[in-house]
Amino acid sequence: MNSPIKKVVVLGGGTSGWISAALLKKILGSAIQLELVESDAIGTIGVGEATIPPIKHLNNVLGINEAEFLRETKATIKLGINFENWKSQGHSYLHSFGAAGKSLAFCHFHHLLKRANQLEDDSHLWQYDLNYLCAKAGKFAQIKSKDPIIELPYAYHFDAGLYAKFLRKFSEKIGVIRTEGLVEHVEQCPNSGHITSLKLKSGQTVTGDLFIDCSGFKGVLIQEKLRTGYEDWSHLLQCDRAIAVPSERLEKTLPYTRSIAHAAGWQWRIPLQHRNGNGLVYSSSHCSEQQAMDTIMGNLDSKAIADPKVIKFQTGRRYQQWNKNVIAIGLSSGFLEPLESTSIHLVQSAVVRLAHLFPHQGINSSLVDEFNKQSATEFEQIRDFLVLHYHATERTDSDFWQDMRHMKIPDSLAHKIEIFKQSGRLFREQNDLFTDSSWLQVMLGQGVVPQDYHPIANIMSDEKLAEMLRKVKEIKQAPIDKLPSHDEFLRIFCQQ
Ligand SMILES: Cc1cc2nc3c(=O)[nH]c(=O)nc-3n(C[C@H](O)[C@H](O)[C@H](O)COP(=O)(O)OP(=O)(O)OC[C@H]3O[C@@H](n4cnc5c(N)ncnc54)[C@H](O)[C@@H]3O)c2cc1C
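Everything in this summary refers to the structure shown in the same document. It should be emphasised that the depicted structure is a prediction, and the values quoted were computed from it without experimental measurement.

### Comments concerning the site of the ligand
- Near the ligand lie 34 residues; those nearest to it are Gly13, Ser16, Val47, Ala50 and Ile344.
- In the model, a nitrogen atom of the ligand is placed 2.9 Å from a nitrogen or oxygen of the Val183 main chain.
- Within the complex, 96% of the 1,000 Å² of free accessible area of the ligand lies under protein.
- For the shell around the ligand, the elements supplying multiple residues, two or more each, are helix 1 (15–28) and helix 9 (343–356).

### So, the pattern of salt bridges
- Counted according to the given criterion, the structure contains 23 salt bridges.
- Residue Arg178 is joined to Glu38 by a salt bridge in which the shortest nitrogen-to-oxygen separation is 2.6 Å. Of the two residues, Arg178 sits in strand 7 (residues 177–180) while Glu38 sits in strand 2 (residues 33–38), which places them 140 residues apart along the sequence.
- The class for Arg178 is partly exposed, based on a relative accessible area of 21%.
- On the basis of relative accessible area, Glu38 is assigned to the buried category, the value being 10%.

### Structural notes on the sheet that holds strand 17 (residues 309–312)
- With mixed pairing, seven strands are arranged side by side in an open sheet as 5-4-14-15-16-13-17. Only two strands of the sheet have a single neighbouring strand rather than two, namely strand 5 (92–96) and strand 17. For this sheet, the mean angle separating the axes of adjacent strands, direction not counted, is 20 degrees.

### What about unusual backbone geometry?
- Its identity is not glycine, yet Arg227 carries a phi of approximately 50 degrees, on the positive side.
- Looking at the secondary structure, you find Arg227 in the loop between helix 7 (220–225) and strand 12 (230–232).
- Phi angles above zero are rare outside glycine, and Lys324 is one such case at about 50 degrees.
- Within the secondary structure, Lys324 sits in the loop between strand 19 (322–323) and strand 20 (326–328).

### Some remarks on helix 13 (residues 436–445)
- Extensive coverage of helix 13 is indicated by the burial of eight of its 10 residues.
- Every buried residue belonging to helix 13 is among Ser437, Ser438, Trp439, Leu440, Gln441, Val442, Met443 and Gly445, and all of these are buried.
- Where helix 13 is buried, its residues contact strand 5, helix 4 (109–118), helix 10 (365–391) and helix 12 (411–423).
- Positive backbone phi, approximately 95 degrees, marks Gly447, located one or two places after helix 13.

### Things to note about helix 9
- In a regular helix each residue adds 1.5 Å, so 14 residues correspond to 20 Å; helix 9 covers 20 Å between its end C-alpha atoms and thus fits that length.
- In terms of residue burial, helix 9 counts as a mostly covered element, since 11 of its 14 residues are buried.
- Looking at helix 9, one finds that the buried residues are Ile344, His345, Leu346, Val347, Gln348, Ser349, Ala350, Val351, Arg353, Leu354 and Ala355.

### Overview of the environment of Phe106
- In this fold, Phe106 is placed in the loop between strand 5 and helix 4.
- On the basis of relative accessibility, which here comes to 78%, the residue Phe106 falls in the exposed class.
- Considered as a pair, Phe106 and Ile456 are 350 residues apart in the sequence and their alpha carbons are 7.9 Å apart.

### Some words on the state of the cysteines
- Counting across every chain of the model gives zero disulfides.
- No disulfide involves Cys239; its sulfur sits 9.4 Å from that of Cys287, the nearest cysteine.
- Residue classification places Cys287 among the buried residues on the basis of a relative accessible area of 11%.

### Examining the side chain of His345
- Summarising the element assignment, His345 is placed in helix 9.
- Look at His345 and you get buried, because its relative accessible area is 11%.
- Dropping the residues within four chain positions of it, His345 is found in contact with Ile52, Pro54, Glu378 and Leu433.

What counts and how
- Residues numbered from 1 in each chain as written.
- Predicted model: local features only at pLDDT ≥ 70, side-chain atom pairs only at ≥ 80, totals over all residues.
- Heavy atoms only, no water.
- Near = heavy atom within 4 Å.
- Polar contact = N/O pair within 3.5 Å; in protein donor to acceptor, adjacent residues only side chain to side chain.
- Areas by Shrake-Rupley, 256 points an atom, 1.4 Å probe, with all protein chains shown as cover.
- Helix = DSSP H or I, 4+ residues; strand = E, 2+ residues; numbered from the N terminus.
- Salt bridge = Lys/Arg side-chain N within 4 Å of Asp/Glu carboxyl O.
- Buried < 20%, exposed > 50% of the residue type's maximum accessible area, 1.4 Å probe, protein only.
- Pairing = 2+ DSSP bridges.
- Axes fitted to C-alpha atoms, helices over the stretch in contact; angles between N-to-C directions.
- Contact = heavy atoms within 4.5 Å.
- Expected span 1.5 Å × (residues − 1).
- Disulfide = S-S within 2.5 Å.

Listed below in structure tokens is the structure:
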């Protein structure tokens, strides 16, 4: 037996640092000592407000009280993302976290609907989706139903800075040690190249067996020290800048994110309890900083409450997310733009992966290889899903959208689009974060229309099919009237 890893050091106290510290300590408990080093002088990136449903598992594993979490992080509910002007100007669709209708074995609901649409029915997919119906009605409550088609999956919008603070409090309570200080030197073992300690400006030395690099884009350990290298995907996802600016809260908080496409990128609008988050993600090859600034500042729906902040980024990932005894988590591991709010999720899933593959001293290379293989697949699957939004568009009104339409996309995505176009079939790769329902909504929403439907959709008579659709619609619509408004829900629930 190899000797155990005794001490884990997390470098960085942003969202990824505190999620990593809290979750690793919670899972591994007294098996490890955990010390987190962060520098107040450097600070955090200070953006990242929208999440996806698996964050609820993270909070559950940590044992976090949902009402306290909503209060402390000024969170609101997110039922999906409304994509506006993406397919064409004036068009919009919701990528909801729910699933529309009711499927048959081997035959998704949209095949039945396609057949019905070829008869006399002119309804659309989203009319059978409870998330969509609640989002548009501005309603929400946690629904517990025995009927599997009555589900209302949700995530949150929150203030990421407050979430990091919340997790810091939590982590310190369960034994994480926090050290404030700027890392100036990193010591390596001359033989193995493994990191042995961090030397702080104060003169303090922090030693460890395993290092989690959560130091942000620059990757103090994974890149500046270990020179791991970066796979650049900016030919596929060409946006490389963001301008973020908070504005006053609106009277009514929408239970979804708004993603509004512009001439050279897109804008987010995220409602929080105390303010609105806004930002423009754009391609600097297609738009100057001044044009971008004018676009975002001219498109706020309430008064700005801080100066806009410009953030540069390069889309891609580290060649190895785990190198020697360093695991990069968060921005240090790579970056996929926030179109589908996946970065915080990537942190969560990297920590869970590390917990599964947690090594002994000496570090078995097969664990490292497996970790890196799984991480690469996860990044690539999300990348493909993001590229779909840009590539499958009818927009021709700017050089940016022309370039998006004509760019060469990964074969994996081209195959998915082709099979959907020809047959309406969707195949979820193993462990793909995005479900069939997500792929379906974005394909249809972006204007990828299947030519055919599954033969199983023909097993019912026309009358039976119409009756089934009517019933499903009724079941999906039934809860809406009984639900409180989103704001009412927040007001009452947060008092608990
Ligand atoms: C424009 C934009 C929008 C985004 N929107 C979303 C979103 O909607 N949803 C989502 O899930 N994600 C989003 N993200 C991503 C999200 O912001 C990040 O995933 C998240 O904040 C994690 O950042 P981090 O902790 O890795 O890095 P940072 O926040 O940069 O933290 C780095 C930490 O390392 C420390 N540090 C660095 N160098 C040193 C040193 N030498 N010594 C000591 N300490 C050091 C710093 O003090 C800091 O504590 C967005 C990102 C961008 C750029």
